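Next come the chains, spelled out residue by residue.
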Amino acid sequence: YGGLVFTNEGAGIFSVWSIPQIVTSAGDRHGYAWADLNGDGWLDAVCSHGGNGGCGCSDDGNELWRGTESHVFQVVAGAGGMADPVGRGRAFSAADVDGDGDLDLFHCKAPLETAPNSLYRNDGAFSFVDVAAAWNVDGDQGPVGALFADVDDDGDPDLLLGGEEFLRPTTYYRNDNSSFVDQTGAAFGALPMISWADWGDWENDGDLDLLLVEGEEGVFDTWQEDGPEWWFFANHRFSDDGVDVFEFDTPGENPTARFRVNGSVVNSMVFLGPSAVNPTSSQITLDDTYVGAPSFTAGVDVGLYCWRESPGGRWKIHVSAPPGSFGNFAGTVVTTGGVTLPTASNLETLTLPPAAPRLFRNDGGVFAEVALGLTPAINPRAALWVDYDNDGDLDIHAVNRGTVESGNEPDRLWRNDGAGVFSAVDSPAAPPGLSVALADGAVWGDLDRDGDLDVFVQDGAAPAFFAVGTPPALYRNDGPAGHWLTVEPLTDGAGNTPVGTKVTAWAQGTPVHGRVHANSWRGFQPPLEVHLGLGTETWVDSLVVEWPTGLVQVLTGFPADRHLRLVPGEDPTSVGALPGRSEIGPLRPQPARGLQSFQLANRSPVRVQVFDLAGRRVRDLGSYPPVPGGAPEHLVQWNGRNDAGHPVAAGVYFIRGLGRDAFATKSVRLR
């Protein structure tokens, strides 16, 4: 898989052209995490790689990119010690586990004895050391997500691990300063196997409650006809015996076939006819050359075995692997008129009990389950806390996955009435999700900066046959919503991370709590900010910000409905001057040979510079002071020349505002 970085251009427009892309080649990528790992104020990116389709033997290691002031990402060699080319990675999450001011990373991995889970200690300058064994979290049971949060409010992040892909037991660890200690039994009694979890303050009492959901992969042995195509998918995982048989006829026709092993073309594991011939290309013509069965021991040998019983006769496909060896075989057979008389035998099916999100209330470090009465789904995938209506309490969004048999299920949204009662919100007031493929997850964030939360939903999980042609969906929140406050804590001058910051807004004696986390469950990561719904309140009496360093900052008396970007120790009187980021008008004309210009209304000092696609500075357009409310905007102009006064070459350039209110816009130059 590749990967694209889309920059938010405003007005619901996302672009892949505003910055040079960081991914330049294909790989077995399983998700990204974004965080400022070196304390310079710019987001860095780390990508988890999956071990080349699950073989755990790839040289395709994890990737790390350093973010820079010019918005050009620089590759960090060897991922700063986190490359781990053998590991079967799933996702990274970040937190300052050792309290030294910088972010450490936990890497969730699929089961592999030679590459267990990793906890990377950040030693500065993009140098990371795996200390998972010393911290007691180096197991190889296969979590797909890690959630850091200071659950016991003792000043350091605790850890929840879980995931259904490999039947990983859900485990809650308390951070004891130099080791994680399993507190699952003491805190919860027991926790189920989960497909998703989320921490949030459900009661607004200042502590974190746990929302989780029990889902399954939803993928099992199956086959299907689709016009001229017939395809199959067979797992060999857990108790599956790894021996599945598919048969079909193609009268008067030699079909073409595409076979895959763990999602990839692995011809060395495909055996055709009595001579067990390995294919030499990704697409194979099946003909009478392959009459007669190859020799193999079903359930012992690993491979896909295909042959024809007699000239012009019936085709057989046997897939074989030892039980519980973790993998899958898949294939597509294409004919003009479709296959006839397809049958299958020895296929395992999956029986799933319906499930709904479950809530565990934090009662001083001991959790009690709260009955919610939510409608269960066939196979839920994700459960997320979100205050979608800005009324000050957390609602529940469920992303329902479905199965390869049932297909995708509609997603669900439940509104919290503030008294602990959740009511279903029906479409079109709720995001329905997609109806194709199988759901994978979702992320909420205020993408258009209008004060309410929008949601990005990703489908396309499961075998390629289900996933092809399933773009994600972005739902803009246009519903009625209350007043709001968004707080974006920033790195201080000493490079201390803001991740872990606790924020409480008080309005008319009522608190609303939020925390900044850098968790990426299965690669889905919310923004590094706190969004607080204020209901009918238009004025914030006080804002209490508890920084990870121990500094407590109190800002008093300011209007609601604004986005605050805060640095530790910021003078509270400056709050009124921080209503948002820089606002820029369109760059015109576009493309251009001569002068280009745009309007700029910046809220803090900004230096404007031009960069080429390689990230080299081409022209310094000068510094611009803040624009007070109601004052005329700046007019920024570029004549297409570099600092030496020479015309630049034709192509794409980026005009960037550097500073706290950074921005970027694309310029296309002609000669």
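Residues numbered from 1 in each chain as written. Predicted model: local features only at pLDDT ≥ 70, side-chain atom pairs only at ≥ 80, totals over all residues. Heavy atoms only, no water.

Undergrad: I'm lost on the overall build of the protein in this one. Help?
TA: The number of helices and strands found in the protein is three helices and 49 strands. For the protein, the C-alpha radius of gyration of 27 Å lies close to 26 Å, the compact-globule estimate for 671 residues. With the C-alpha coordinates of the protein rotated into their principal frame, the extents come out at 85 × 70 × 50 Å. By the burial criterion, 55% of the 671 residues in the protein qualify as buried. Within the protein, contacts between residues at least 6 apart in sequence are counted, and of these 56% link residues at least 24 apart. Summing over all exposed atoms, the protein offers an accessible surface of approximately 26,500 Å²; the carbon and sulfur share of this is 52%. Put simply, the protein has 41 plus and 89 minus side-chain charges, and the middle of one group is 10 Å from the middle of the other. (Helix = DSSP H or I, 4+ residues; strand = E, 2+ residues; numbered from the N terminus. Rg over C-alpha atoms; globule rule 2.2 N^0.38 Å. Buried < 20%, exposed > 50% of the residue type's maximum accessible area, 1.4 Å probe, protein only. Contact = heavy atoms within 4.5 Å. Areas by Shrake-Rupley, 256 points an atom, 1.4 Å probe, with all protein chains shown as cover. Lys, Arg positive; Asp, Glu negative; His and termini not counted. Charge placed at Lys NZ, Arg CZ, Asp CG, Glu CD.)

Undergrad: How should I be thinking about the pattern of salt bridges in this particular structure?
TA: Two side chains of opposite charge can pair, provided their charged atoms sit close to one another. A complete count under the given rule lists 30 salt bridges for this structure. Its salt-bridge partner being R415, residue D391 comes within 3.5 Å of it at the nearest N-O pair. Within this pair, whereas D391 is found in the loop between β29 (380–386) and β30 (395–400), its partner R415 is found in strand β31 (residues 412–416), the two being separated by 24 residues in sequence. Taken together, the shared-partner salt bridges in this structure form one network comprising E247, D249, E309, R314 and K316. (Salt bridge = Lys/Arg side-chain N within 4 Å of Asp/Glu carboxyl O.)

Undergrad: Can you walk me through the layout of surface pockets in this structure?
TA: Regions of empty space are outlined by a rolling probe, equal in size to a water molecule, passed over the atoms. Space inside the second largest pocket adds up to approximately 930 Å³. Looking at the second largest pocket, it is lined by 46 residues, and the ones nearest its centre are D198, W199, W385, R515 and E529. Among the secondary structure elements, those contributing two or more residues to the lining of the second largest pocket are β15 (196–200), β29, β33 (438–445), β37 (502–507), β38 (510–515) and β39 (530–535). Of all the elements, β15 adds the most residues to the lining of the second largest pocket, at five residues. Here the residues of the lining of the second largest pocket are counted per class, giving 23 nonpolar, 13 polar and 10 charged. (1 Å grid on protein atoms, 1.4 Å probe; cavity = no way out; pocket = protein on both sides within 12 Å on 5 of 7 lines; lining within 4 Å. Points joined across faces, edges and corners; volume = space filled by probe spheres on them. Nonpolar A, V, L, I, M, F, W, Y, C, P; charged D, E, K, R; others polar.)

Undergrad: What's the story with a nonpolar patch on the surface in this structure? I'm lost.
TA: Side chains of L4, F6, F14, L447, F456 and L474 sit close together on the surface and give an oily, nonpolar patch of about 530 Å² of accessible area. Mapped onto the elements of the fold, F14 is located in strand β2 (residues 13–15). (Patch = residues over 30% accessible without salt bridge, like charges linked within 9 Å, V, L, I, M, F, W, Y side chains within 5 Å.)

Undergrad: For this particular structure, what's the right way to read the side chain of E409?
TA: Relative to the elements of secondary structure, E409 occurs in the loop between β30 and β31. Within the buried core, E409 has no salt-bridge partner, and the shortest N-O distance to an opposite charge, that of R412, equals 8.3 Å. Polar side-chain contacts of E409 include one of 2.8 Å to the backbone nitrogen of I378. Each residue touching E409, except ones within four places of it in the same chain, is listed here: A377, I378, N379, N400, R401, G402 and L434. (Polar contact = N/O pair within 3.5 Å; in protein donor to acceptor, adjacent residues only side chain to side chain.)

Undergrad: Looking at this model, I keep getting lost on the nonpolar core. Mind explaining?
TA: Nonpolar side chains in soluble globular proteins generally cluster together in the buried interior. The biggest cluster of nonpolar side chains holds 50 residues, and the ones touching the most others in it are F188, W199 and L210. Among the elements that line this core, the one with the most residues is β29, at five residues. Residues within four places of L210 in sequence aside, it is in contact with L160, F188, L191, A197, D198, W199, R358, L359, F360 and F367. Counting 36 residues, the second largest nonpolar core, distinct from the first, contains V76, F126, L534 and V540. (Core = buried A, V, L, I, M, F, W, Y, C linked by side-chain atoms within 4.5 Å.)

Undergrad: Would you mind showing me how to read empty space enclosed by the protein here?
TA: Within the structure shown, the criterion is met by one cavity of 30 Å³ or more. Its volume calculated, the largest cavity comes out at about 30 Å³. Contributing to the lining of the largest cavity are L490, D492, N496, T497, W547, P548, T549 and P568.

Undergrad: Whenever I open this one, the sheet that holds strand β7 (residues 89–95) confuses me. Can you help?
TA: The strands making up a sheet associate through backbone hydrogen bonding, with each pair oriented either parallel or antiparallel. With antiparallel pairing, four strands are arranged side by side in an open sheet as β7-β8-β9-β10. Each having just a single partner strand, β7 and β10 (128–130) make up the two edges of the open sheet. In this sheet, neighbouring strand axes are inclined to one another by 25° on average, regardless of whether the strands run parallel or antiparallel. (Pairing = 2+ DSSP bridges. Axes fitted to C-alpha atoms, helices over the stretch in contact; angles between N-to-C directions.)

Undergrad: Can you help me understand a negative patch on the surface in this one?
TA: Taken together, E113, D130, D138 and D140 make up a surface patch of like negative charges. Within the secondary structure, D130 sits in strand β10. Since its relative accessible area comes to 40%, D130 is described here as partly exposed.

Undergrad: Please clarify how the sheet that holds strand β27 (residues 358–362) should be interpreted in this entry.
TA: Strands sit in the order β15-β16-β27-β28 across an open sheet of four strands; the sheet is antiparallel. Single-partner strands in this sheet number two, and they are β15 and β28 (367–370). On average, adjacent strands in this sheet sit at an angle of 25° to one another, irrespective of strand direction. Of the strand pairs in this sheet, strand β16 (residues 209–213) and β27 are connected by three bridges, and their pairing is antiparallel. Residue pairing for β27: L210 is matched across the bridge by F360.

Undergrad: When you look at the packing of aromatic side chains in this model, what are you seeing that I'm missing?
TA: Any pair of aromatic rings gets described here by the distance separating the centres and the angle formed by the planes. Enumeration over the complete set of coordinates arrives at 21 aromatic pairs. Look at F188 and F367: their rings are 4.2 Å apart centre to centre, the planes differ by 15°, and that puts the pair in the stacked class. Here F188 is found in helix α2 (residues 184–188), whereas its partner F367 is found in strand β28, with 179 residues between them in sequence. F188 sits in the buried class, given a relative accessible area of 9%. (Phe/Tyr/Trp six-rings, centres within 6.5 Å; stacked < 30°, edge-to-face > 60°.)

Undergrad: Teacher, can you tell me more about the pairing of β27 here?
TA: Looking down a regular strand, the side chains alternate between one sheet face and the other. Sheet analysis places β27 next to β28, joined by four bridges and oriented antiparallel. Bridging across to β28, F360 finds its partner in E369. Between β27 and β28, which pair antiparallel one after the other, the connecting turn spans four residues, and G364 there sits at a positive phi close to 75°.

Undergrad: Explanation requested: the confidence of the model for the protein in the structure shown.
TA: Low pLDDT marks regions whose predicted coordinates should not be analysed in detail. Here the protein averages 88 in pLDDT, while 93% of its residues score no lower than 70. pLDDT under 50 marks residues 572–581. Its contacts with residues more than four places away, or in other chains, come to 26 contacts. (pLDDT = per-residue confidence, 0-100.)

Undergrad: So what exactly am I meant to see when it comes to unusual backbone geometry here?
TA: Excluding glycine, most residues fall at negative phi; most peptide bonds, likewise, are trans. Looking along the chain, the bond that leaves R588 and enters P589 is cis, with omega of -10°. Within the secondary structure, P589 is located in the loop between β43 (583–584) and β44 (596–601). With omega at 0°, the peptide bond leading from Q590 into P591 counts as cis. One non-glycine residue, N204, lies in positive phi territory at about 55°. Given a relative accessible area of 17%, N204 falls into the buried group. The phi torsion at R449 lies on the positive side, around 55°, for a residue other than glycine.

Undergrad: I tried to follow the side chain of N390 on my own but got confused; where do I start?
TA: Along the chain, N390 falls in the loop between β29 and β30. Polar side-chain contacts of N390 include one of 2.9 Å to the side chain of H531. Look past the residues within four positions of N390 in its chain and what remains in contact with it is G451, D452, A481, G482, H483, W484, H531, G533, L534 and G535.

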